Amino acid sequence: KGSSVCNGHPDSWLDRVTMDNVKLFISHDPKAPYDKSVHGLTFKQARNLTLRNLEIIWEEPFFAPWRSSLYLEDIDGLVLEGFQSGPSPSKGTPAGTPAIALHQVKDAIIRNGKALAGTDVFVGVTGEKSTGIVFYGNDIRQAKRLYTTDLKDDYLRIREFQNIIPPPSRPK
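Residues numbered from 1 in each chain as written. Predicted model: local features only at pLDDT ≥ 70, side-chain atom pairs only at ≥ 80, totals over all residues. Heavy atoms only, no water.

Draft legend 1. Region of interest: the pairing of strand β7 (residues 98-111). Sheet topology places strand β5 (residues 70-81) next to β7; ten bridges connect them, and they run parallel. What sits directly across from Glu81, in β7, is Arg111. Bridge analysis of β7 against strand β9 (residues 121-126) gives five bridges, and the strand direction is parallel. Note that in β9 the partner of Leu102 across the bridge is Val125. As paired elements, β7 and strand β10 (residues 131-136) share five bridges and run parallel to each other. Each bridged residue has a counterpart across the sheet, and for Ala108 the counterpart in β10 is Ile133. (Pairing = 2+ DSSP bridges. Helix = DSSP H or I, 4+ residues; strand = E, 2+ residues; numbered from the N terminus.)

Draft legend 2. Local environment of the environment of Pro94. With respect to the helices, strands and loops of the structure, Pro94 is situated in the loop between β6 (84-85) and β7. In this structure the C-alpha to C-alpha distance between Pro94 and Trp66, which are 28 residues apart in sequence, comes to 9.6 Å.

Draft legend 3. Layout of the nonpolar core. By size, the foremost hydrophobic cluster in this structure holds 36 residues, and its most contacted members are Leu70, Leu72, Leu78, Ile100, Leu102, Phe122 and Val123. Put simply, the parts of the chain that give this core at least two residues each are β3 (18-26), β4 (41-58), β5, β7, β9, β10 and β11 (145-149). For Leu102, the residues in contact, after removing those within four places along its chain, are Leu72, Leu78, Ile110, Val123, Gly124, Val125, Thr126 and Ile133. (Core = buried A, V, L, I, M, F, W, Y, C linked by side-chain atoms within 4.5 Å. Buried < 20%, exposed > 50% of the residue type's maximum accessible area, 1.4 Å probe, protein only. Contact = heavy atoms within 4.5 Å.)

Draft legend 4. Region of interest: the pattern of salt bridges. All told, the structure shown has eight salt bridges when counted by the stated rule. Glu55 is paired through a salt bridge with Lys23; the nearest N and O atoms lie 3.8 Å apart. Of the two residues, Glu55 sits in strand β4 while Lys23 sits in strand β3, which places them 32 residues apart along the sequence. Judged by relative accessible area, which is 22%, Glu55 ranks as partly exposed. A salt bridge links Lys106 to Asp76, with the shortest nitrogen-to-oxygen separation between them at 3.9 Å. Taken as a pair, Lys106 in strand β7 and Asp76 in strand β5 lie far apart in primary sequence, 30 residues in all. Residues joined in a network through salt bridges with shared partners are Glu128, Asp153 and Arg157. (Salt bridge = Lys/Arg side-chain N within 4 Å of Asp/Glu carboxyl O.)

Spelled out as C-alpha cells, the structure:
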C-alpha cells in the first residue's frame, strides 16, 4: 500500500540501478494515517538508471492526492524501456497529469512504452536542466499527447522517432 520511493542523496547519488520485469500494484488504505503517497514509483538523484518492462497498476480504493505512475527527478542517464501505465485514475488527479513525470532529467531514452486508455499525456518534462530526452517507438494511440513541457527551447532538448500515434480524425 502506498508508493515506492528510491532516493539517492545530494552528496551520494544512486548509480547503475536496474529494475527489470517489475509489476507494481498501488493501492490505498483509508485507515492508514501515514499514507502521503503522490506517485506510484519515485526515483530521485540517480545516475545511469535503467527501468525495463515496468508496469504500474492502480488499484481501488483510489487516493485523491495520487498523480503520475512514475516520477523521476534529478536523473543523469536514463533508459526507460517497455513502460506501461497511465496516470492515477483517482478523481482528485487533475486532467493533463502525465503517466511519467520527468523533472531535471538529462540524457534519457524512453522507448517501446505504452500509454493506457484514459491517458491525456504520456510524459511530462519540466525543469531547466532537462535535456537530451529521446522518445522512440512508443505506442501512444490511447493518449492525447506524447509529451508536454515547460521548456522554451524544447525543440533542441527533446527528440521523437517512430512513435505510434493516434490516427488523424476523419473530416466530417
